[in-house]
Amino acid sequence: MTTFQSIATIFAVVLGTLLTRFLPFFIFPEGKTPPDYILYLGTVLPCAVIGFLVVYSLKDAVFSSFHGLIELLSLLVVAGLHKWRKNTLLSISAGTALYMFLVQTWFH
C-alpha cells in the first residue's frame, strides 16, 4: 500500500467514524421528538443485537463429543452471572475468562 493509499484509507475511516457519531445529533436535535419507528428501534435493537451475537458466536461450535462444552459452559456462566448480578461487564468478562482458561488448559 502506498503512502497516498494509507492516508486515504485513514481519512475514510475517520470520516466514517465521525459521520456515524455526529449525524444522529444533527438529524434528531435535543428539543425534537424522534419518530415512533426510531423509538421502537431503540427498544428492540439491543436485544436483537445480543441475540445475533450469541447465534454468531455459537455457529461454528460442534456439539458432538466435548467440543461444544466450552461454549456451553461459558454461555451458562454469562447468563447466570447476568441474571444474578445484572452487571454486563462482569458477566461478559467472567464468561470470556472462563472460555479462555478452558481453551488453553483443558481442551487444547
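Residues numbered from 1 in each chain as written. Predicted model: local features only at pLDDT ≥ 70, side-chain atom pairs only at ≥ 80, totals over all residues. Heavy atoms only, no water.

With respect to the overall build of the chain
Rules: Each helix is a run of H or I in the DSSP string that is no shorter than four residues. Each strand is a run of E no shorter than two, and both are numbered from the N terminus. Relative accessibility under 20% of the residue-type maximum defines a buried residue, over 50% an exposed one, and the middle range a partly exposed one, all with a 1.4 Å probe and only protein chains included. In what follows, a contact means two residues having at least one pair of non-hydrogen atoms within 4.5 Å. By the counting rule applied here, Lys and Arg register as positive and Asp and Glu as negative, while His and the ends of each chain are not counted. Note on charges: their place is set at NZ of Lys, CZ of Arg, CG of Asp or CD of Glu.
The secondary structure content of the chain amounts to four helices and zero strands. When the helices and strands of the chain are read in sequence order from the N terminus, they spell out α-α-α-α. By principal-axis analysis of the C-alpha atoms, the chain measures approximately 50 × 45 × 25 Å. In the chain, buried positions account for 8% of the 108 residues. Restricting the contact set of the chain to residue pairs at least 6 apart, pairs at least 24 apart contribute 35%. Averaging the coordinates of the 6 positive side-chain charges in the chain and doing the same for the 4 negative ones gives two points 7 Å apart.

Overview of the confidence of the model for the chain
Interpretation of the predicted coordinates at a detailed level should be avoided for regions scoring low in pLDDT. Spelled out, the test is: A score from 0 to 100, pLDDT tells how confident the predictor is in each residue.
Mean pLDDT over the chain works out to 92, with 99% of the residues at or above the 70 mark. Taken element by element, the chain is modelled with least confidence in helix α2 (residues 36–58), mean pLDDT 92, and with most confidence in helix α1 (residues 3–27), mean pLDDT 96.

Quick word on helix α3 (residues 69–85)
Rules: Helices are assigned an expected span. That span is 1.5 Å times one less than the residue count. This arc describes the spread of directions from the helix axis toward the C-beta atoms.
For α3, with 17 residues, the first-to-last C-alpha span of 24 Å sits near the 24 Å given by 1.5 Å per residue. Ile70, Glu71, Ser74 and Leu81 are the residues of α3 that are buried. Buried residues of α3 fall within an arc of 105° about the axis and therefore sit on the same side. Facing away from the buried side of α3, by more than 90 degrees, are the exposed residues Leu76, Lys83 and Trp84.

With respect to the pattern of salt bridges
Let me state the cut-off plainly: Any carboxyl oxygen of Asp or Glu within 4 Å of a side-chain nitrogen of Lys or Arg constitutes a salt bridge here.
One pass over the structure, following the stated rule, counts one salt bridge. The salt bridge partner of lysine 59 is aspartate 60, with a shortest N-O separation of 2.8 Å. Classification of aspartate 60 by relative accessible area gives exposed; the value is 60%.

Here's the deal with unusual backbone geometry
One non-glycine residue, lysine 86, adopts positive backbone phi at about 55°. You can see lysine 86 is positioned in the loop between α3 and α4 (88–105). Overall, the relative accessible area of 60% leaves lysine 86 in the exposed class.

Digging into the packing of aromatic side chains
In this description, an aromatic ring pair is defined by two values, namely the gap between the centres and the angle between the planes. What counts here: Pairing of aromatic rings covers Phe, Tyr and Trp, the last counted by its six-membered ring, and requires centre-to-centre distances within 6.5 Å; plane angles under 30 degrees mean stacked, over 60 mean edge-to-face, and any other angle means tilted. By definition here, charges over rings are those cases where NZ of Lys or CZ of Arg is within 6 Å of the ring centre and within 35 degrees of the ring normal.
Counted under the stated rule, the structure contains two aromatic pairs. Centroid distance phenylalanine 52 to tyrosine 56: 6.2 Å. Interplanar angle 20°. Geometry classified as stacked. In this pair, phenylalanine 52 and tyrosine 56 both sit in helix α2, four residues apart, roughly one turn of the helix. A cation sits over an aromatic face here: arginine 85 above tryptophan 84, 5.1 Å from the ring centre.

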